[in-house]
Amino acid sequence: MLDFLTKRPIAVLMSVLAISVLGLASLFTMPVSLLPDIDIPNIKVSLNYPNVDARNLENSIVRALRRELMQVNGVSDIQSITKDGSSEINMHFSHSINTDYAFIEVNEKIDASLNYFPKDLERPRVTKAKPSDIPVFYISITPKESFFDNNNTFKQLSEYTDLIIKKRLEQLDEVSLVDISGIDKEEILIEPKIDMLYSLGISTLDIENAISKSKFQSSSLSFRDGYYTYTLRIENPIKSIEDIKKISINKNGLLISLGEIADIHTSLNPGDGMFFQNGKRAISLAVYKQADARMQDIKKAIGEEVNRFRELRPNLVFDIGRDQTKLLDYSMNNLMQTLLLGILLAMVILWIFIKQARLTIIISLSIPVSLIISFFFLNLANISINIISLSGLILSVGLMIDNSIIVIDNINQYRLKGFNAFDSTVKGTNEVIRPLISSVLTTCAVFIPLIALSGIAGAIFYDQAITICISLGISLLVSIMVIPVLYYLLMKNTSISSEPHGFVGVYERLLTILMNKKILSLILFFMLIPIGIILFKYVEKQKFPDFHQKDIMIDIDWNEPISLDENNKRTLQFINQLNLNEKSYSSYIGKTQFLLSENPNQNTNTSTLYLNFDRIINTSELSSKILLEAKKYYPLANLKIYPSENIFQSVFNPNTEAVQAILRKENNQAINTDFAIKINSLIDKNHSSELNKIAINKLEYELYLLRDKCLLYNVEITSVVSKLKLLFGGNSINELQFGYKVVEIILLDKKSNPSELLSGISIKNKNNADIPLNSLVEYKLRRKLKSISADDKGEYCRISPLGETNTKAFENTMEKIFENEKDVQLTYSGSVYHSNELFNEFMKVISISLILLYLILAAQFESLLLPIIILLEILFDISGALFFLYIFNSSLNIMSALGIIVMAGIVINDSIIKIDTIKKSFASGLSIENAIFEGGKRRLYPIVMTSLTTVLALTPLLFFNGIGVELQLPLALSIMGGLIIGTIISLYFIPIMFYFLARKSKKFS
């Protein structure tokens, strides 16, 4: 086959060029994204049941629904958080489950459960998490002082943003939705004249009924007149405030208009939340992209549209924040620079060793040719250009060039023996095809089992594993089919001279010393194993690597029933007290109005801060400072600090607490307020100020309707409820549509404290007698839990450290606090424990990889002993990997563990070629010692060059930042450290071990 190709170089080159054109076409048409398009195995069920407290909601609905949903196929974890009037159930699935099918099954379970729930319960909403659920941009619109000239109001800004800006952005082809928050909504307030109502015997329920009966939706009506059919529409009588004022109430034959007995006017209301940009009231827009839109296209389209609005409305400030396209650009640019620098450094190494321009060009061509052709096959495999697939290509660069170096070096050795160019090309290439195939298979055998990892890790590594396997397969074909043809074409009339470097003699002298003291040499090599065990103890361990960032999010729960205005006042005061010198900040006060990012934990006494800095921040130090300041000024407040929302964070979910204590009552009984107060008092008693306590609401009023008294005094219960709604802040009784707007109608009464309201108000019974309201209801002050958390085992509460802490120290603290509390069940959870589970699973995958490696090597060498030598060196190489992680202050995480596996595959490749050469020399009749020295000398250059090119291809990762680079840095450090040690092992340890095995076995001769 090879001699056929070598005689037809033009045909080979044209074929390669044709495939390369397809590869270039694929490169410019492949989708570009930050991460692979994968499903996040989470499903959220949101349940709303207003006016029902958390305890009743948990007992009557959520608990039963949770048990039903636990039966859905593939559920690995289920948790619920229930508050007054709402609950959120989060379901986590194993990644092997198709979330589309799980989504259908969840909806089926909910539909079946609705038959047992109250009829007025709104159907729970089911949402499936996707990476595309994260907004690409947040656009804030802040009015300047000049905007409010000419009597402009925030209402007009709200309408302009909602009707013009939002609609214009949604018309862009790349945009799927623009969500809005922070606007003022218009509402109609009806404030009854209480004295007049009392004298006329009219109740607020009469007002509600009058408005409800006046507003209607007519059905489709028609009549026929001869041959023609006409539609008939009954006009809705309520179109404006004036129409509401004209609505009449018939009381004992007397028609009384609402305008006579109530003040009716419009008002602006931010609802339960507001948005502020740098301390000024503003409006926030969240922009979502179409699933198939390219990031660059939406960036350009949004930028152009925002610039038009800036020109049209100079009295408004438009800020684009949390730009996901910048994250993509930054990561992609750094990865591309790393790729190009790696190729350049590899070429420099080739020139230093080979010192022949033509050979350097031939070998260097293998990288771009293999990369370009790889893009064609990646496109066929439906792999996008993302930070995972690009990092796979970076890892492949050093491996791609290895095959070509080995082929060229072997051809040159035949040329030096006196063979002509054609015979040298054919013989030199054929001799290394088998070990090259084995080396590629061993590398793929390392990566393919990684796909079996559960969860997001397995899904992410799918792209990397497929990318590396495809690129290595292509580079193998290029090295054994294209590189020899190029060599013959360019070098057939060029003579080859042997000018060995000085380090060849150094290598042989050192090998002679070690061979003369074989036992001592082996002892020294095996000393690397205990060194690795010591390093393993001191290297930090975590699930995923830390990332540098310039922004953070802070969720604040003041844990007091404060108003929206007080919430905003405290939030602004808190930011000023922190004095963090941030570049800009945004604050969502109370609930956001976003439709897609509804947070069940938001209410009028919570706020969310987004802080953006013009520098890279130390997240742990900053978090500790913020938490200490919060405890100092607001001891009741609970804070959660986490990275800014982006696609990467949503997929890897690093916001999970590192460690937390899970507390349950004995026999998994329901958690009550007394239990929470007891837990908090135990924490205070043990002076554990570094712990977050259980959130318990401050004293709140709770009204109880005395139904027996209502029956006794012949009072309609609906009348009492309607009156209570009116007294305590307004009753939404209906809504009107004025053109494009939907306006809510609110029935209001002047507010006062509960005692005055209840003692000064009476209500008419069925006999038209006045009954004091305070005789029909009573109120109490009580403490209650802010929320009820539960999982498949039952209800629980959580305690977590305020800042970073040692896991063992935290466990010791908790054990000390609750050592005498027999009714408290204590367990632990958090990302630290999940990381341990992942590493245990990783060890199983590594075991599978090692078994595959052994089988492949046993088939290659036709020996059961030789593979053991090669696999044994992995233990030594791990020590080098851990050493580099330690000195560069990195951690042992899923990426560095992957790097160790990759490193093992690369080093094994060098050893496979070397043992194959030594074995052939031994079989040709040389003595064991002479075969070892001959094989070592022949494979010295390829081993050193392949190791150096791989290390230098990864070196640029040390000098760049960004999520793409920082994700791969631990992996690169593992490979670099392991390769440096592995090269020494391949050069010296492998020959010594081969000597001992070959001396006792006749199979090698």
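Please refer to the structure placed before this passage.
Heads up: these notes are all about the structure in this document. (Residues numbered from 1 in each chain as written. Predicted model: local features only at pLDDT ≥ 70, side-chain atom pairs only at ≥ 80, totals over all residues. Heavy atoms only, no water.)

## Things to note about the overall build of the protein chain
When its secondary structure is counted, the protein chain shows 31 helices and 32 strands. As presented, the protein chain carries roughly 46,100 Å² of accessible surface, and 55% of it is formed by carbon and sulfur atoms. (Helix = DSSP H or I, 4+ residues; strand = E, 2+ residues; numbered from the N terminus. Areas by Shrake-Rupley, 256 points an atom, 1.4 Å probe, with all protein chains shown as cover.)

## What to know about the pattern of salt bridges
Under the defined criterion, the tally for this structure stands at 13 salt bridges. Note that Asp 791 is salt-bridged to Arg 664, the shortest N-O span being 2.7 Å. With a gap of 127 residues between them, Asp 791 in strand β29 (residues 788–791) and Arg 664 in strand β21 (residues 660–665) connect regions that are remote in the sequence. A relative accessible area of 9% places Asp 791 in the buried class. According to the relative accessible area criterion, Arg 664 is buried, its value standing at 7%. (Salt bridge = Lys/Arg side-chain N within 4 Å of Asp/Glu carboxyl O. Buried < 20%, exposed > 50% of the residue type's maximum accessible area, 1.4 Å probe, protein only.)

## Re the packing of helix α19 (residues 564–578) against helix α20 (residues 619–633)
For any two helices packed against each other, one specifies the crossing angle of their axes together with the interaxial distance. Between α19 and α20, the least distance of the axes is 10 Å, while the angle of their chain directions is 125°. It follows from the interaxial angle that α19 and α20 lie oblique. In the crossing of α19 with α20, the sense of the turn from one axis to the other is right-handed. Side by side, α19 and α20 meet where Phe 574, Gln 577 and Leu 578 of the first sit next to Lys 625, Ile 626, Glu 629, Ala 630 and Tyr 633 of the second. Its residues assigned to classes, the contact of α19 with α20 comprises 5 nonpolar, 1 polar and 2 charged. (Axes fitted to C-alpha atoms, helices over the stretch in contact; angles between N-to-C directions. Parallel < 35°, antiparallel > 145°, perpendicular 65-115°, else oblique. Left-handed = near helix turned anticlockwise from the far one by under 90°. Contact = heavy atoms within 4.5 Å. Nonpolar A, V, L, I, M, F, W, Y, C, P; charged D, E, K, R; others polar.)

## Some words on helix α5 (residues 154–170)
With 17 residues, α5 should reach 24 Å at 1.5 Å per residue; the first-to-last C-alpha distance of 22 Å fits that figure. By the largest-angle criterion, Thr 161 marks the main kink of α5, which is about 35°. Of the positions making up α5, those classed as buried are Phe 154, Leu 157, Ser 158, Tyr 160, Thr 161, Ile 165, Lys 166 and Leu 169. Buried residues in α5 make contact with β5 (137–143), β6 (175–181), β14 (280–289), α10 (295–312) and β15 (316–321). (Expected span 1.5 Å × (residues − 1). Bend = angle between axes of the 7 residues up to and from the residue.)

## Side note on a nonpolar patch on the surface
A cluster of nonpolar side chains, namely Ile 534, Tyr 538, Phe 883, Tyr 886, Ile 887 and Phe 888, defines an oily patch on the protein surface of about 650 Å² accessible area. Looking at the nonpolar patch, the element that brings in the most residues is helix α28 (residues 866–887), giving 3 residues. On the secondary structure map, Tyr 538 appears in helix α18 (residues 528–538). (Patch = residues over 30% accessible without salt bridge, like charges linked within 9 Å, V, L, I, M, F, W, Y side chains within 5 Å.)

## Looking at unusual backbone geometry
We note that Arg 322 has phi near 50°; this positive angle belongs to a residue other than glycine. Relative to the helices and strands, Arg 322 resides in the loop between β15 and α11 (324–354). Residue Asn 889 is not a glycine yet carries a positive backbone phi of 55°. Locating Asn 889 in the fold gives a position in the loop between α28 and β32 (891–892).

## Points about the nonpolar core
Ranked by internal contacts, the top residues of the largest apolar core, which has 119 residues, are Leu 436, Ile 932, Ile 975, Phe 989 and Phe 994. For this core, the leading source of residues is helix α31 (residues 963–1000), giving 17 residues. Apart from residues no more than four positions distant in its own chain, Phe 989 is found in contact with Leu 522, Phe 525, Phe 526, Ile 869, Leu 872, Phe 876 and Ile 984. Membership of the second largest hydrophobic core comes to 26 residues, among which are Ile 165, Met 295, Ile 298 and Val 306. (Core = buried A, V, L, I, M, F, W, Y, C linked by side-chain atoms within 4.5 Å.)

## A word on the pairing of strand β3 (residues 86–93)
Burial within β3 is extensive, with 6 of its 8 residues counted as buried. Pairing between strand β1 (residues 42–48) and β3: 7 bridges, direction antiparallel. Paired with Asn 48 across the strands is Ser 86, a residue of β3. Both strand β2 (residues 75–83) and β3 contribute to a ladder of 8 bridges, which runs antiparallel. The partner of Ile 78 across the bridge, within β3, is Met 91. (Pairing = 2+ DSSP bridges.)

## Re the packing of aromatic side chains
Counting across every chain of the model gives 21 aromatic pairs. For the ring pair Phe 147 and Phe 148, a centre distance of 5.3 Å and an interplane angle of 85° mean the geometry is edge-to-face. Here the aromatic rings of Phe 810 and Tyr 828 are separated by 6.4 Å at their centres, their planes lie at 75°, and the arrangement is edge-to-face. Remark: Tyr 828 occurs in strand β31 (residues 824–829) and Phe 810 occurs in helix α26 (residues 807–817); sequence separation between them is 18 residues. Overall, the relative accessible area of 21% leaves Tyr 828 in the partly exposed class. (Phe/Tyr/Trp six-rings, centres within 6.5 Å; stacked < 30°, edge-to-face > 60°.)

## Regarding helix α29 (residues 894–923)
The terminal C-alpha atoms of α29, which comprises 30 residues, lie 43 Å apart, in line with the 44 Å expected from a rise of 1.5 Å per residue. One or two residues past the end of α29 sits Gly 925, with phi positive at roughly 120°.

## A look at the side chain of Ser 424
By the element assignment, Ser 424 lies in helix α14 (residues 421–447). At 3.4 Å, the side chain of Ser 424 forms a polar contact with the backbone nitrogen of Arg 415. Those residues within four positions of Ser 424 in sequence are excluded, and the remaining contacts are Ile 411, Tyr 414, Arg 415, Phe 419 and Thr 429. (Polar contact = N/O pair within 3.5 Å; in protein donor to acceptor, adjacent residues only side chain to side chain.)

## A closer look at the environment of Asp 206
With respect to the helices and strands, Asp 206 occurs in helix α7 (residues 204–214). Asp 206 gets classed as partly exposed once you look at its relative accessible area, which sits at 22%. Placed 45 residues apart in sequence, Asp 206 and Lys 251 show a C-alpha to C-alpha distance of 9.3 Å. When near neighbours in sequence (up to four residues on either side) are disregarded, Asp 206 contacts Gly 201, Ile 249 and Lys 251.

## Some words on the side chain of Ser 20
The topology assignment puts Ser 20 in helix α2 (residues 9–29). When its relative accessible area of 10% is taken as the criterion, Ser 20 is described as buried. At a separation of 2.8 Å, a polar atom in the side chain of Ser 20 contacts the main-chain carbonyl oxygen of Val 16. Apart from residues lying up to four places away in sequence, Ser 20 is in contact with Ile 372 and Ile 373.

## Side note on the environment of Val 659
Note that Val 659 resides in the loop between α21 (647–652) and β21. Here Val 659 falls in the buried class, since its relative accessible area comes to 3%. For the pair Val 659 and Ile 799, spaced 140 residues apart in sequence, the C-alpha to C-alpha distance is 9.1 Å.

## Here's the deal with the packing of α18 against α28
Where α18 contacts α28, the two axes come as close as 8 Å, and the packing angle between them is 35°. For α18 against α28, the interelement crossing comes out left-handed. Where α18 approaches α28, its residues Leu 528, Ile 529, Gly 532, Leu 535, Phe 536 and Tyr 538 are matched on the opposing element by Leu 875, Phe 876, Ser 879, Leu 882, Phe 883 and Tyr 886. Of the residues assigned to the contact of α18 with α28, the class counts are 10 nonpolar, 2 polar and no charged.

## A few points about the environment of Lys 764
Counting through the fold element by element, Lys 764 comes out in strand β26 (residues 762–764). Look at Lys 764 and you get partly exposed, because its relative accessible area is 26%. C-alpha of Lys 764 to C-alpha of Asn 714: the two residues are 50 residues apart in sequence and 9.3 Å apart in space. Not counting residues within four places of it along the chain, the set of residues in contact with Lys 764 comprises Tyr 198, Gly 201, Val 715, Ala 769 and Asp 770.

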